[in-house]
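Okay, here's what each chain looks like letter by letter:
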Amino acid sequence: FFLGPPGTAKSLLARRLAFVCQGSFFERLLTRFTVPEEVFGPLSLKALENDILERKVEGFLPNADVAFLDEVFKANSAILNALLAVLNERVFDNGGTR
């Protein structure tokens, strides 16, 4: 968790951390208009055909080793509530899997 004034290289530090650890990196600027699909990935249409609510998470927050969520306190309550389990417990419920 990085907290600081604008221009203090928080995002650069997060990118470098992902590079050094050879991990995947996810970055998003959160606003009150941010939707869950931008953070957690789009819904899988193939899974919906089988009555399964599942997201395609590759390249999004649930699969990231290092994540940088900028302006997190400006996000709407739906995003903040969805982030609770991911950030506190490091678990993401995706369909029938956790």
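Everything in this summary refers to the structure shown in the same document.

Procedures and definitions
Residues numbered from 1 in each chain as written. Predicted model: local features only at pLDDT ≥ 70, side-chain atom pairs only at ≥ 80, totals over all residues. Heavy atoms only, no water. Helix = DSSP H or I, 4+ residues; strand = E, 2+ residues; numbered from the N terminus. Buried < 20%, exposed > 50% of the residue type's maximum accessible area, 1.4 Å probe, protein only. Contact = heavy atoms within 4.5 Å. Patch = residues over 30% accessible without salt bridge, like charges linked within 9 Å, V, L, I, M, F, W, Y side chains within 5 Å. Areas by Shrake-Rupley, 256 points an atom, 1.4 Å probe, with all protein chains shown as cover. Salt bridge = Lys/Arg side-chain N within 4 Å of Asp/Glu carboxyl O. Expected span 1.5 Å × (residues − 1). Bend = angle between axes of the 7 residues up to and from the residue. Polar contact = N/O pair within 3.5 Å; in protein donor to acceptor, adjacent residues only side chain to side chain.

### Details of unusual backbone geometry
The phi torsion of most residues other than glycine is negative, and most of the peptide bonds are trans. In this model, Asp51 sits at a positive phi of 60 degrees, which is unusual for a non-glycine residue. By the element assignment, Asp51 lies in the loop between α3 (45-49) and β2 (66-70). Even without glycine at this site, Arg90 takes up a positive phi of about 60 degrees.

### What about the environment of Leu30?
If you trace the backbone, Leu30 turns up in the loop between β1 (25-29) and α2 (36-40). When its relative accessible area of 2% is taken as the criterion, Leu30 is described as buried. Along the primary structure Leu30 and Glu89 are separated by 59 residues, whereas in three dimensions their C-alpha atoms are 21 Å apart. Setting aside residues up to four positions removed in sequence, Leu30 forms contacts with Val39, Leu69, Asp70, Glu71, Val72, Lys74, Ala75, Ile79 and Leu83.

### Details of a nonpolar patch on the surface
Taken together, Phe1, Leu3 and Phe73 make up a surface patch of nonpolar side chains, about 490 Å² in accessible area. Tracing the chain through its elements places Phe73 in the loop between β2 and α4 (77-89). Among the residues examined, Phe73 registers a relative accessible area of 66% and is labelled exposed.

### Focus: α4
Under the 1.5 Å per step criterion, the end-to-end length of α4 is 18 Å for 13 residues, consistent within 8% with the ideal 18 Å. Bending of α4 peaks at approximately 35 degrees at the position of Leu83. Considered for burial, the residues of α4 that qualify are Ile79, Leu83 and Val86. Turning to α4, the residues buried within the fold contact α2 and β2. Of the residues that open α4, the one with a side-chain oxygen 3.1 Å from the backbone nitrogen of Ala78 is Asn76. Once α4 finishes, Arg90 follows within two positions and takes phi at roughly 60 degrees, a positive value.

### A few points about the pattern of salt bridges
By the definition in use, this model includes 3 salt bridges. A salt bridge links Arg55 to Glu37; its shortest N-O distance comes to 3.7 Å. Placement of the pair is Arg55 in the loop between α3 and β2 and Glu37 in helix α2, with a sequence separation of 18 residues. The exposure class assigned to Arg55 is buried, which follows from its relative accessible area of 18%. In this structure, Lys74 engages Glu71 in a salt bridge whose closest nitrogen and oxygen atoms are separated by 3.4 Å. The class of Lys74 is exposed, set by a relative accessible area of 53%. On the accessibility criterion, Glu71 (34% relative accessible area) is partly exposed.

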